[in-house]
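An overview of the molecular structure
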4 protein chains.
Amino acid sequence: MDEHTLLAAARSARLQAYAPYSGYAVGAAVLTDDGRVFGGCNVENAMYGATVCAERVAVTTAVSAGARRLSMVAVVTLNGGTPCGFCRQVLAEFGPPELPILVAAADPALPVRRFTLAQLLPAAWGPEDLAGARAD
Amino acid sequence: MDEHTLLAAARSARLQAYAPYSGYAVGAAVLTDDGRVFGGCNVENAMYGATVCAERVAVTTAVSAGARRLSMVAVVTLNGGTPCGFCRQVLAEFGPPELPILVAAADPALPVRRFTLAQLLPAAWGPEDLAGARAD
Amino acid sequence: MDEHTLLAAARSARLQAYAPYSGYAVGAAVLTDDGRVFGGCNVENAMYGATVCAERVAVTTAVSAGARRLSMVAVVTLNGGTPCGFCRQVLAEFGPPELPILVAAADPALPVRRFTLAQLLPAAWGPEDLAGARAD
Amino acid sequence: MDEHTLLAAARSARLQAYAPYSGYAVGAAVLTDDGRVFGGCNVENAMYGATVCAERVAVTTAVSAGARRLSMVAVVTLNGGTPCGFCRQVLAEFGPPELPILVAAADPALPVRRFTLAQLLPAAWGPEDLAGARAD
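Residues numbered from 1 in each chain as written. Chains lettered and ligands numbered in written order. Predicted model: local features only at pLDDT ≥ 70, side-chain atom pairs only at ≥ 80, totals over all residues. Heavy atoms only, no water.

1. Some details on the interface of chain A and chain C
Just so we agree on the cut-off: Any two residues whose heavy atoms approach within 4.5 Å are treated as being in contact. The term buried area means the drop in 1.4 Å probe accessible area that two parts suffer when joined, counted for both and summed. When a carboxyl oxygen of Asp or Glu lies within 4 Å of a side-chain nitrogen of Lys or Arg, that pair is called a salt bridge. For the purposes of these results, a polar contact is taken to be a pair of N or O atoms within 3.5 Å, where, inside protein, one atom must be able to donate a hydrogen and its partner to accept one; residues adjacent in sequence count only when each atom of the pair is a side-chain atom.
At the interface, 12 residues of chain A touch 12 residues of chain C. Overall, the association of chain A and chain C removes approximately 880 Å² of surface from exposure, summing both partners, and the carbon and sulfur fraction of that is 75%. Contact with chain C buries surface across chain A, with Met47(A), Tyr48(A) and Gly49(A) losing the most and accounting together for 61% of the total. Run the count over chain A and chain C and you get 0 salt bridges. Between the two partners, chain A and chain C, sit 0 residue pairs in polar contact (both at pLDDT 80 or more).

If you want it as structure tokens, here you go:
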């Protein structure tokens, strides 16, 4: 799986975005460690707090299909915006710190930015933090 | 599409539940108005607030595949518990008040309960409530 | 504590609403079983999914002040809209089925609607459903 | 307002934590640009996805009291864990990149870690990203 293919999946998913409230269509795609690709778009809600970002849709779709570990993520937004903090946290549940995250704009002529999860969520809080509490 | 088939899809989705924190595995399946079926399991997160219920995973997976209207929903939980209020709200974005919601327990010998969305979310708040504000 | 006072607290909280994205200002107030009143407004976020409704702000503010049980809730919106399903679920964590919920419009000349939590969230899913899983 | 006072407010708020499901008590406190301090604890929910972290409770309580800009944040957890990505996103709505975030452990003998918001949420997505879509 190369970057180009994953970005194409994210662009394709973006076409389905349900964003009547913000107008900000987002598409995402995740590559899982067993070589499968799952896409997702943002799914908004009139009760804004029930909105789900594209990245989380892609991740939960993958998990529902039995995947548990992410190998690469691609996100496409109008302006090339990065994943929000909420999505970074969800990625951290299923991806390693070195997880590659590709961020592209709707305009394919614009450059793709490349991050790792650790770059976007440094000093992350995660499952190992919780473990201590549950062991009490 | 009969009820039996949709419930089977929900039972199948439940097998993939990622519920290491609660231990409460849930599976859901939605039938869309174009005759497709999409399943989902609950996907928990160490940061509990980032957890996504099975119903919302199924709905957002369907929306990402281009669906916009729901025709039937099935949910399977350990004890036959109903969808939470958060999920009822998300169902209301894409389903009519008369949307049938089937609720089953893990034990297939137990009876299936049948609700409509209006029964589970009466006097609902929805997109039409928001419309007034946006028109201001 | 009479209904009029709680509604006034909700109206007052609504004046602080941070709703730059929806324009739908909401105020809420909760009466706790120890006789205290806590207000809250909706607090939106550019990442719509991080938005918190007024009802949940009021409840979490109350819990942070040591309260654990709700005795009455009041909500004021532009059009007299009811609490969303997400908020109904949060109310169910801290309130009994018979919890009175007053719903009013911005225009004080309009009638106040009165519900119980059980009327707004029938066949609720709650802590007792989870208990079975955790006991496994 | 010195750091010691804000940390003390976060420690105090932590005592009210409602964390029956995770056992991971968290306290937070925010200093607003008008010199006020607001505390919050985490407020969990049997439906894990409805859980609100302490940081978000403190922020939304502050906003409901009329505050709009944050000047400092303090968080106290069992093990000195950092804020999750979801909370970092909410802080970004109301705080500048240089917002100081103090992170302490329950044991006051352990060292306090100091971050800025930009350090915890680099390459942030925020309101300015959304603006483009809404202007379309």
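2. Comments concerning the relation of the copies chain A and chain C
Here is the rule: Residues below a pLDDT of 70 in either copy are left out; the C-alpha atoms of the rest, at least 70 in both, set the least-squares superposition of the copies.
Placing chain A over chain C gives an RMSD of 0.0 Å and needs a rotation angle of 180 degrees, together with 0.0 Å of translation along the axis. Here the transformation between the copies is reduced to the relation of a two-fold axis. Scanning chain A for the C-alpha nearest the rotation axis identifies Gly49(A), at a separation of 2.1 Å. The fraction of interface residues of chain A whose copies in chain C are also interface residues reaches 100%, indicating that both copies meet through the same surface.

3. A word on the relation of the copies chain A and chain B
Once turned by 180 degrees and shifted 0.0 Å along the axis, chain A lies on chain B with an RMSD of 0.0 Å. Both copies share a contact surface, since 100% of the interface residues of chain A are interface residues in chain B too.

4. What about the sheet that holds strand β1 (residues 26-32) of chain D?
Residue and element names in this part refer to chain D. Spelled out, the test is: Two strands make a pair as long as DSSP finds a minimum of two bridges between them. Labels follow the DSSP assignment, with helices taken as runs of H or I lasting at least four residues and strands as runs of E lasting at least two, numbered in each case from the N terminus. Between N-to-C directions, angles cover 0 to 180 degrees, with each direction set by a line fitted to C-alpha atoms, over the stretch in contact for helices.
Taken together, the 5 strands give an open sheet; going across it, the order is β2-β1-β3-β4-β5, and neighbouring strands pair in mixed fashion. The open sheet has two edge strands, β2 (37-41) and β5 (113-116), and neither has a second partner. Here the average twist between neighbouring strands, direction ignored, is 20 degrees. Examined bridge by bridge, strand β3 (residues 70-77) and strand β4 (residues 100-105) share 5 bridges and lie parallel to one another. Within β4, the residue paired with valine 75 across the bridge is valine 103.

5. Some details on the packing of helix α3 (residues 85-94) of chain A against helix α3 (residues 85-94) of chain D
Quick note on the threshold: Under this scheme an angle from 65 to 115 degrees is roughly perpendicular, one under 35 degrees roughly parallel, and one over 145 degrees roughly antiparallel; angles in between are oblique. Each residue is assigned to one class: nonpolar for Ala, Val, Leu, Ile, Met, Phe, Trp, Tyr, Cys and Pro, charged for Asp, Glu, Lys and Arg, and polar for all the others, Gly among them.
At a minimum axis separation of 6 Å, α3(A) and α3(D) run at an interaxial angle of 170 degrees. When the interaxial angle is binned, α3(A) and α3(D) end up roughly antiparallel. Contact residues: Gly85(A), Phe86(A) and Gln89(A) in α3(A); Gly85(D), Phe86(D) and Gln89(D) in α3(D). Within the contact of α3(A) with α3(D), the residues separate by chemical class into 2 nonpolar, 4 polar and no charged.

6. Looking at the sheet that holds strand β1 (residues 26-32) of chain A
The strands making up a sheet associate through backbone hydrogen bonding, with each pair oriented either parallel or antiparallel. All names here are of chain A. Taken together, the 5 strands give an open sheet; going across it, the order is β2-β1-β3-β4-β5, and neighbouring strands pair in mixed fashion. Looking along the sheet, the strands with just one partner apiece sit at the ends: β2 (37-41) and β5 (113-116). The sheet shows a mean angle of 20 degrees between the axes of neighbouring strands, taken without regard to direction. Both strand β4 (residues 100-105) and β5 contribute to a ladder of 4 bridges, which runs antiparallel. Each residue of the ladder has a partner; that of leucine 102, found in β5, is arginine 114.

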